[in-house]
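Close look at the chain arrangement
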Amino acid sequence: MNCSVNELKNEIVKVLKSDYGYDASDATILQMYGAVLMVVQQKLLDKRGQYLDQLKRNDKKRIYYMSMEFLVGRSLKNNLYNMSMEAEMKEAVSQLGFDLEEIYEMEPDAGLGNGGLGRLASCYMDAATTMGYPITGFSIRYEFGIFKQKIVDGWQMEFPDDWLEMGGYWLVPRRDEAKEIHFDGEVKEEWSEKGLKTTHLNYYTVRAVPYDLLISGKDSDAVNSLRLWSAESVDSFDMGSFARGEHVKSMESGNRAEAISKVLYPADDHIEGKSLRLKQQYFFVSASLQNIIQIHLRTNPSLDNLADKAIIHINDTHPALCVPELMRLLMDDYGYEWDQAWDITCNTLAYTNHTVMSEALEKWDVSLFRHHLPRVYSICEEINRRFCAYVFEHHPEKRGAISSMAAIDNNQVRMANLCMIACFSVNGVSKLHSDILKTDLFRDYNDIFPGKLTNVTNGITARRWLCQGNPLLTEMITGLIGSGFEKDLSELQRLNAYADVAEVLRRLGEINLANKQRLARYIAVHNGIRVDPNSLFDVQVKRLHEYKRQLMNALLICHLYLEIKLRGKTMEPRTFIFGAKASPGYYMAKEIIRFICTMGDMINRDPSVNGMLKVVFLENYRVSLAEIIYPAAEISEQISQAGKEASGTGNMKMMLNGALTLGTMDGANVEIYDAVGQDNIFIFGMNAAEVVQCRNNGYNPWNVYSQNGYVKEVLDFIQRGGIDGKNFDTIVSYLLHNDQYMSLADFDSYRLCQQKVNDAYRDPMAWNRMSLRNIAESGIFSADRSIQDYVDQIWYR
């Protein structure tokens, strides 16, 4: 987008005058922040208008991406980069007496996501827009996002993340397109000449108000939107109650409705939390589907051809209510009979599965589901009845599996099963994950619906994670092979030609050191810990969950500490860096954070480790922090139990920035291994088949404890209060009596692999050669490639 410095400067001055009443010389940095964002937003709106006119002319099939979360991060820098305006904006702001870097730092991360699922969705929005595909994302405008994490005496504390105060500038309200969503009540059924007529009665209504976050693409004519729904009460204030002095009660209706869009993933360890989560999911699904139908009918006489003009993609099970809700809209609002409505629904919906863990495949208690969504439940019942009858009649060999395949069974509504029954395509997100879906988790469906299950390996946007996040490395790469990799990441393979060029390898090491120095400064300011940038930066940053095995990493650190403390071991200096949020109701995850933080405090102040070991837990892990961490990472810890991580994307981002993967043969680690070869990755532990065999053989963690001296030493040390005198019996008890993710079983292999890492780090040139190889082979994990796979295999097939 061609914009001169003077043009941008004049537009900023105009906004400062019209919106704030100040000249640039009198403006505060907050006012300059608002003016810059509004200038960029207006340019996006102008491009958006032109793009919508273009879409009307070519009538291209629309893609609608349904996701409970979109981890967008900060938008200003990304938009300026995509529109090739960053240098001009930096100069314009500078001429007005301000620093664009300071303005960048004022913008909060948009509080719309939690982890890899939401970041993946945002990567896909960026990639599809860059490639010119018409994609609209749908989610919720969370007022407080997930939460702001603070670590107090080792404990995770959760505080509201009021991101809208400074991030709301990007949202375009569209109250003219608000929708009404109905909850509770009862269903009345009546037979007529036209068949069964169903009416939903005595419900209460919540209004869904849309806000659009505009999504730019790199040097693209397209500007797409992420539509976020905010919940409001239709009758937010009861004047009668207020007049009677019942002031709090007069606002109850408004509070009940607005709670739906307050917080992402409210704690669900109680019935109220489960109820709110269900309402959230139906709220955004129903509003989005109503909107999609409205868009379709603007240019089409009926919904008969909806599947030809639209693809609705369900990202994980949270939006699985798309199945019964689309049926409801087609039948109740548009008069379709069941068979035709079912045909339209099945040919319009596709589903991405992101987990093989049964507890993560959402299931709802029938009584809760039926209470809040009586009409939708009746449709689920009919879907289930017809499917079970179909299997019984046409697949007698599967009659024994009907109970496990049913959409409703054992007093539960199973959302993944609904998607498997209805969606025309279901994909996993890595080769290993998709194979597990076909041969294990969804094996019976795969037999009945051959060809429905497919694979699209996850991808990342190098434009954010390399070009914006690591400018020094980007400059080096551009100097060696040109800038074509920005749009075609496979171009990075040309870097393999420099594997033995000493000058290139030395420069790569210098860039990594500069990035480590930047992270070290951040750690000093925010954690009060001085870390040595010349030490090996060993990084594990991701959502805290037992299967991701942050605990095994912590046990390894404890082992190294004891080796130094008791036996005088010497090792290459290493800084272990963690970042993770635990779900507020997930006690064990919070206990693991406390364990890591307490151990880190003890090690960091112990002079006897002689600078060989530091442990840092970075609180409030988020996209903008990841942009500092990834370029500085040298070891990328991807150590989940084999067969549990569907793919992972942090492994891809750190690989792209030159980190070496230390991991199990799980998720996309398998594809990283295939790409870089065994000499450029550190692999340990059981593979997925061996995990199953170990479990079938009756895995007993006590046997590991009694037979492995290192494991016994570490656990005994923890149990007798060795971690700063604090009690961590819950950790020891968990490992010895449960250890369902086999941290102890894999510990010795992990310990030996970490020794290989230590030995390899002694040779900087060899290490940098391995790093360059990882960068060169990371192109297969481009989000652009993933989007093209979706287009070719699913969306436009």
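Let us look at the structure shown here. Please read these numbers as outputs of a predicted model, since none were measured by experiment.

**Digging into the overall build of the chain**
Counting its secondary structure elements, the chain contains 34 helices and 23 strands. Here the C-alpha radius of gyration of the chain, 27 Å, is about what a compact globule of 797 residues would show, namely 28 Å. For the chain, with 797 residues in total, the buried portion stands at 61%. Taking the contacts inside the chain whose residues are at least 6 apart along the sequence as the reference set, 77% of them involve residues at least 24 apart. Approximately 30600 Å² of the chain is accessible, and the part contributed by carbon and sulfur atoms is 48%. Each charge class in the chain was averaged separately, 86 positive and 104 negative side chains, and the resulting centres sit 1 Å apart.

**Here's the deal with helix 34 (residues 783-795)**
The terminal C-alpha atoms of helix 34, which comprises 13 residues, lie only 15 Å apart, well short of the 18 Å expected from a rise of 1.5 Å per residue. Looking only at helix 34, the buried set comprises A783, D784, S786, I787, Y790, V791, I794 and W795. Down the axis, helix 34 shows its buried residues gathered within 160 degrees of arc, on one side only.

**Examining the side chain of N353**
Along the chain, N353 turns up in the loop between strand 12 (349-352) and strand 13 (363-365). Dropping the residues within four chain positions of it, N353 is found in contact with L361, N427, G428, V429, H433, L437 and F442.

**What about the state of the cysteines?**
For the structure on display, the rule yields zero disulfides. With no disulfide of its own, C380 has C419 as its nearest cysteine by sulfur position, at a separation of 11 Å. Residue classification places C380 among the buried residues on the basis of a relative accessible area of 0%.

**Observations concerning the sheet that holds strand 22 (residues 660-663)**
Taken in spatial order, the six strands line up as 20-19-18-21-22-23 in an open sheet, and their pairing is parallel. The open sheet has two free edges, formed respectively by strand 20 (613-617) and strand 23 (682-683), since each of these has just one partner strand. The pairing of strand 19 (residues 574-579) with strand 20 spans five bridges and is classified as parallel. The residue bridging F578 from the neighbouring strand is F617, located in strand 20. Sheet contacts for helix 23 (residues 550-567): strand 18 (536-541), strand 19, strand 20 and strand 21 (635-638); angle to strand 19, the most-contacted strand, approximately 155 degrees.

**Overview of the sheet that holds strand 13**
Adjacent strands of a sheet form backbone hydrogen bonds with each other and so pair up, either parallel or antiparallel. Ordered in space as 13-15-14, the three strands form an open sheet in which the pairing is antiparallel. Taken across any chain shown, the strands that pair with only one partner, and hence form the sheet edges, are strand 13 and strand 14 (408-409). As paired elements, strand 13 and strand 15 (residues 412-414) share three bridges and run antiparallel to each other. Residue pairing for strand 15: K363 is matched across the bridge by R414.

**As for unusual backbone geometry**
With a phi close to 50 degrees, Y265 is a non-glycine residue in the positive phi region. For Y265, the position within the fold is in the loop between helix 9 (252-258) and helix 10 (271-299). Residues other than glycine seldom take positive phi values, yet N610 does so here, at roughly 55 degrees. With relative accessibility at 63%, the residue N610 sits in the exposed group.

**Here's the deal with the packing of aromatic side chains**
Counted according to the given criterion, the structure contains 22 aromatic pairs. Look at F595 and F728: their rings are 5.2 Å apart centre to centre, the planes differ by 80 degrees, and that puts the pair in the edge-to-face class. Residue F595 is located in helix 24 (residues 587-604), and its partner F728 is located in the loop between helix 30 (709-719) and helix 31 (729-737); the two are separated by 133 residues in the primary sequence. In textbook terms, an aromatic cluster arises when at least three aromatic residues are bridged by ring pairs, as seen for Y65, F70, Y124, Y790 and W795. Over the face of the ring belonging to Y204 we find R256, whose NZ or CZ atom lies 3.6 Å from the ring centre. Its end group placed over the ring of F147, K581 keeps NZ or CZ at 5.1 Å from the ring centre.

**Comments concerning helix 24**
Between the first and last C-alpha of helix 24 there are 26 Å, a value that for 18 residues agrees with the 26 Å anticipated at 1.5 Å per step. With 16 of 18 residues buried, helix 24 is to be regarded as a mostly interior element.

**Some thoughts on a nonpolar patch on the surface**
A cluster of nonpolar side chains, V152, W155, M157, F159 and Y587, forms an exposed patch at the surface whose accessible area comes to about 470 Å². Judged by its relative accessible area of 40%, F159 falls in the partly exposed class.

**Some points on the nonpolar core**
Residues I12, L76, M89, F283, F369 and W795 are the most contacted members of the largest nonpolar core, which totals 210 residues. Aside from chain neighbours lying at most four places away, what touches I12 is M32, A35, V36, V39, M89, V93 and L96. By size, the runner-up hydrophobic cluster in this structure holds 72 residues, among which are I557, L560, L660 and W767.

**Digging into the pattern of salt bridges**
By the definition in use, this model includes 49 salt bridges. Ionic pairing is found between E572 and R762, a salt bridge with its closest N-O pair at 3.4 Å. Of the two residues, E572 sits in the loop between helix 23 and strand 19 while R762 sits in the loop between helix 32 (743-760) and helix 33 (764-776), which places them 190 residues apart along the sequence. For E572, a relative accessible area of 24% translates into the label partly exposed. With a relative accessible area of 46%, R762 lands in the partly exposed category. Three or more residues joined by partner-sharing salt bridges are found here, namely R174, D176, E177, D212, R227 and R298.

**Observations concerning the pairing of strand 2 (residues 135-140)**
A regular strand places its side chains on the two faces of the sheet in alternate fashion. For strand 2, a buried count of six out of six residues is recorded, marking the element as mostly surrounded by other parts of the structure. On strand 2, burial covers both faces: I135, G137 and S139 on one face and T136, F138 and I140 on the other are all buried. Judged from the four bridges that link them, strand 1 (residues 62-66) and strand 2 form a sheet pairing that is parallel. In the strand pairing of strand 2, Y64 is matched with T136. Taken together, the five bridges between strand 2 and strand 10 (residues 223-233) define a ladder with parallel strand orientation. The residue of strand 10 that forms the bridge with G137 is L226.

**Thoughts on the packing of helix 13 (residues 338-348) against helix 15 (residues 374-394)**
Packed helix pairs are characterised by how far apart their axes lie and by the angle those axes make with each other. Viewed as axis vectors pointing N to C, helix 13 and helix 15 meet at an angle of 90 degrees, and their least axial separation amounts to 13 Å. By the angle between their axes, helix 13 is roughly perpendicular relative to helix 15. In this structure, helix 13 uses W338, D339 and W342 to contact helix 15, whose residues at the interface are I379, E382, I383 and R386. Residue composition of the contact of helix 13 with helix 15, by class: four nonpolar, no polar and three charged.

**Comments concerning the packing of helix 1 (residues 5-20) against helix 2 (residues 29-58)**
The interhelical angle for the contact between helix 1 and helix 2, taken along N-to-C directions, is 115 degrees, at an axis separation of 9 Å. Crossing of helix 1 against helix 2: the hand is right-handed. Here E7, L8, E11, I12, V15, L16, D19 and Y20 of helix 1 come into contact with helix 2, specifically with Q31, M32, G34, A35, V36, M38, V39 and K43. Classifying every residue of the contact of helix 1 with helix 2 by side-chain character gives ten nonpolar, two polar and four charged.

**A short note on the side chain of N79**
With respect to the secondary-structure elements, N79 resides in helix 3 (residues 76-82). Non-local contacts of N79, meaning those with residues more than four positions away in its chain, are made with V40, L44, W170 and S216.

**Topic: the environment of L361**
Examined against the element boundaries, L361 turns out to sit in the loop between strand 12 and strand 13. Judged by relative accessible area, L361 falls into the buried class, the value being 9%. Along the chain, L361 and A416 lie 55 residues apart, while their C-alpha atoms are 6.0 Å from each other.

The rules behind the values
Residues numbered from 1 in each chain as written. Predicted model: local features only at pLDDT ≥ 70, side-chain atom pairs only at ≥ 80, totals over all residues. Heavy atoms only, no water. Helix = DSSP H or I, 4+ residues; strand = E, 2+ residues; numbered from the N terminus. Rg over C-alpha atoms; globule rule 2.2 N^0.38 Å. Buried < 20%, exposed > 50% of the residue type's maximum accessible area, 1.4 Å probe, protein only. Contact = heavy atoms within 4.5 Å. Areas by Shrake-Rupley, 256 points an atom, 1.4 Å probe, with all protein chains shown as cover. Lys, Arg positive; Asp, Glu negative; His and termini not counted. Charge placed at Lys NZ, Arg CZ, Asp CG, Glu CD. Expected span 1.5 Å × (residues − 1). Arc of directions from axis to C-beta. Disulfide = S-S within 2.5 Å. Pairing = 2+ DSSP bridges. Axes fitted to C-alpha atoms, helices over the stretch in contact; angles between N-to-C directions. Phe/Tyr/Trp six-rings, centres within 6.5 Å; stacked < 30°, edge-to-face > 60°. Lys NZ or Arg CZ within 6 Å of the ring centre and 35° of its normal. Patch = residues over 30% accessible without salt bridge, like charges linked within 9 Å, V, L, I, M, F, W, Y side chains within 5 Å. Salt bridge = Lys/Arg side-chain N within 4 Å of Asp/Glu carboxyl O. Core = buried A, V, L, I, M, F, W, Y, C linked by side-chain atoms within 4.5 Å. Parallel < 35°, antiparallel > 145°, perpendicular 65-115°, else oblique. Nonpolar A, V, L, I, M, F, W, Y, C, P; charged D, E, K, R; others polar. Left-handed = near helix turned anticlockwise from the far one by under 90°.

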